[in-house]
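One letter stands for each residue in the lines below.
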Amino acid sequence: LAALPNAVWSALQHAMGLGLAPKGLFGWGGGATSSPIMGFFGYSNNLATYLYWPLLVCAGMVAASRTWRRIPYLALTLLYGLVLYWTISRSTLLTVGFVVVVLLFLFLFHHRKQFLIAAAIGTVLAALAVSWIFLTQPLAWINSILSDRLNLWNAGLQIIFSNKYLLPFGY
């Protein structure tokens, strides 16, 4: 319930077309048309991180309850999921997707060995997909999709490796 005011305000922001600069699931850019909403937070990723746990808790309550009490939790799950999608926070959306896949594996594969085999196959397929993207797509395009994070990570690594004592001493 603590997340409900943020979710309602965020839904109103989306309905009124308020939000941050246009962004799509492939990053910020000229072709992006959606405006990420941020609720009472200053940034959409903060709202998405905040809504992650209420979404999972409400979804868990839907799965755990077998009476009419699941209806309000279902409504909250749908609201939080929709608002989370409107934040266009790709990392949080990927995390929710990953959790859904792992939970599906848990429900589909009742034996530990089956689950571990399915998880290993899924991990290999994900690694192959990421490798295929990095091998077939231009690095500039990948960097733009990642909101220039490749350049940020490179700059951070250069600082870390410039002095061998920076990282061990908590830089």
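Residues take numbers from 1 onward in each chain, read along the sequence in its written order. A pLDDT threshold of at least 70 governs which residues receive local features in this predicted model, and a stricter bar of 80 or more applies before side-chain atom pairs are shown or counted, although totals over entire chains, interfaces and linings include all residues. Excluding hydrogens and water, the side-chain values take into account all heavy atoms of the structure.

Describing the overall build of the protein
Inference 1: Starting at the N terminus, helices and strands are each numbered in turn, a helix being any DSSP run of H or I of at least four residues and a strand any DSSP run of E of at least two. Summing up its helical and strand segments, the protein has seven helices and two strands in all.
Inference 2: Along its sequence from the N terminus, the protein presents helices and strands in the succession α-β-β-α-α-α-α-α-α.
Inference 3: Relative to the globule expectation of 16 Å for 171 residues, the C-alpha radius of gyration of the protein, 20 Å, shows a markedly less compact shape.
Inference 4: Seen through its C-alpha atoms, the protein measures out along the principal axes to roughly 60 × 50 × 40 Å.
Inference 5: Buried residues in the protein amount to 24% of all 171 residues.
Inference 6: Contact between two residues is taken to exist if any of their heavy atoms lie within 4.5 Å; hydrogens are not considered. Partitioning the contacts of the protein with sequence separation of at least 6, the portion at a separation of at least 24 is 52%. When we talk radius of gyration, it's over C-alpha atoms, and the globule rule is simply 2.2 Å times the number of residues to the 0.38. For the exposure calls, accessible area comes from a 1.4 Å probe over protein chains only, and a residue counts as buried if that area is under 20% of its type's maximum, exposed if over 50%, partly exposed in between.

Brief notes about the packing of aromatic side chains
Inference 1: Stacked, tilted and edge-to-face pairs are distinguished by plane angle, under 30 degrees for stacked and over 60 for edge-to-face with tilted covering the rest, among Phe, Tyr and Trp rings (Trp via its six-membered ring) whose centres lie within 6.5 Å. Throughout the structure, instances matching the rule amount to four aromatic pairs.
Inference 2: Summarising the aromatic geometry, the rings of W9 and F40 are spaced 5.9 Å apart at their centres and angled 10° between planes, so their arrangement reads as stacked. One end of the pair, W9, is in helix α1 (residues 4-16); the other, F40, is in the loop between β2 (27-28) and α2 (44-64), and 31 residues separate them in sequence.
Inference 3: Aromatic side chains F41 and Y50 sit 5.1 Å apart centroid to centroid with 50° between the ring planes, which places their arrangement in the tilted category.

Examining helix α3 (residues 70-86)
Inference 1: The length a helix should cover is 1.5 Å for every residue beyond the first. When the terminal C-alpha atoms of α3 are compared, their 24 Å separation across 17 residues agrees well with the 24 Å that a helix rising 1.5 Å per residue should span.
Inference 2: Of the positions making up α3, those classed as buried are L76, T77, Y80, V83, L84 and W86.
Inference 3: Tucked inside the fold, the buried residues of α3 contact α1, α2 and α4 (90-108).
Inference 4: Count one or two residues on from α3 and you reach I88, which has phi positive near 55°.

Some words on the confidence of the model for the protein
Inference 1: pLDDT is a per-residue confidence score from the predictor, ranging from 0 to 100. Across the protein, the average pLDDT comes to 90, with 98% of residues at or above 70.
Inference 2: Averaged pLDDT values over the elements of the protein bottom out at 76 in β2 and peak at 96 in α3.

A short note on the packing of α1 against α3
Inference 1: Where α1 contacts α3, the axes come no closer than 10 Å and their chain directions differ by 55°. Judged by the angle between their axes, α1 and α3 are oblique. As α1 packs across α3, the resulting crossing turns out to be left-handed. Contacts between α1 and α3 involve L4, A7, S10, A11 and H14 on the former and, on the latter, L76, L79, Y80, V83 and W86. A fitted line through C-alpha atoms represents every axis, and for helices the fit uses only the stretch in contact; the resulting angles, taken between N-to-C directions, go from 0 to 180 degrees. Note on terminology: angles under 35 degrees are roughly parallel, angles over 145 are roughly antiparallel, angles of 65 to 115 are roughly perpendicular, and the others are oblique. Less than a right angle of anticlockwise turn of the near helix away from the far helix marks a crossing as left-handed, whereas a clockwise turn marks it as right-handed.

Details of the side chain of Q13
Inference 1: Mapping Q13 onto the fold places it in helix α1.
Inference 2: Under the rule applied, a polar contact is a pair of N or O atoms within 3.5 Å (in protein, one hydrogen donor and one hydrogen acceptor; residues adjacent in sequence only if both atoms are side-chain atoms). Separated by 2.9 Å, the side chain of Q13 and the backbone nitrogen of G39 make a polar contact.
Inference 3: Setting aside anything within four residues of it in sequence, one finds Q13 in contact with L18, I37, M38 and G39.

Some words on the environment of L106
Inference 1: Inspection of the secondary structure assignment puts L106 in helix α4.
Inference 2: Once the C-alpha coordinates of L106 and A118 are considered, the two residues, 12 residues apart in sequence, prove to be 9.8 Å apart.

Focus: a nonpolar patch on the surface
Inference 1: Like-charged residues are merged into a patch within 9 Å and nonpolar side chains (Val, Leu, Ile, Met, Phe, Trp, Tyr) within 5 Å, provided each residue has over 30% relative accessible area and no salt bridge. Note on areas: these come from Shrake-Rupley sampling with a 1.4 Å probe, and a residue is covered only by the protein chains present in the view. We define a salt bridge as a side-chain nitrogen of Lys or Arg found within 4 Å of a carboxyl oxygen belonging to Asp or Glu. Together, L25, F26, Y85, V130, W132, I133, F134, L139 and W141 give the surface a local cluster of nonpolar side chains, amounting to about 970 Å² of exposed area.
Inference 2: The set of elements that each furnish at least two residues to the nonpolar patch consists of α5 (112-136) and α6 (139-145).
Inference 3: For the nonpolar patch, the leading source of residues is α5, giving four residues.
Inference 4: Mapped onto the elements of the fold, F134 is located in helix α5.

Re the nonpolar core
Inference 1: The definition of a nonpolar core used throughout is a set of buried Ala, Val, Leu, Ile, Met, Phe, Trp, Tyr and Cys residues joined through side-chain atoms within 4.5 Å. L51, L55, Y80, V83, L84 and V96 are the most contacted members of the largest nonpolar core, which totals 16 residues.
Inference 2: Listing elements by their share of this core, those giving two or more residues are α2, α3 and α4.
Inference 3: Element by element, the count of residues in this core is highest for α2, at six residues.
Inference 4: Ignoring anything within four residues of it in the chain, the contact list for V83 reads A7, S10, A11, I37, L47 and L51.

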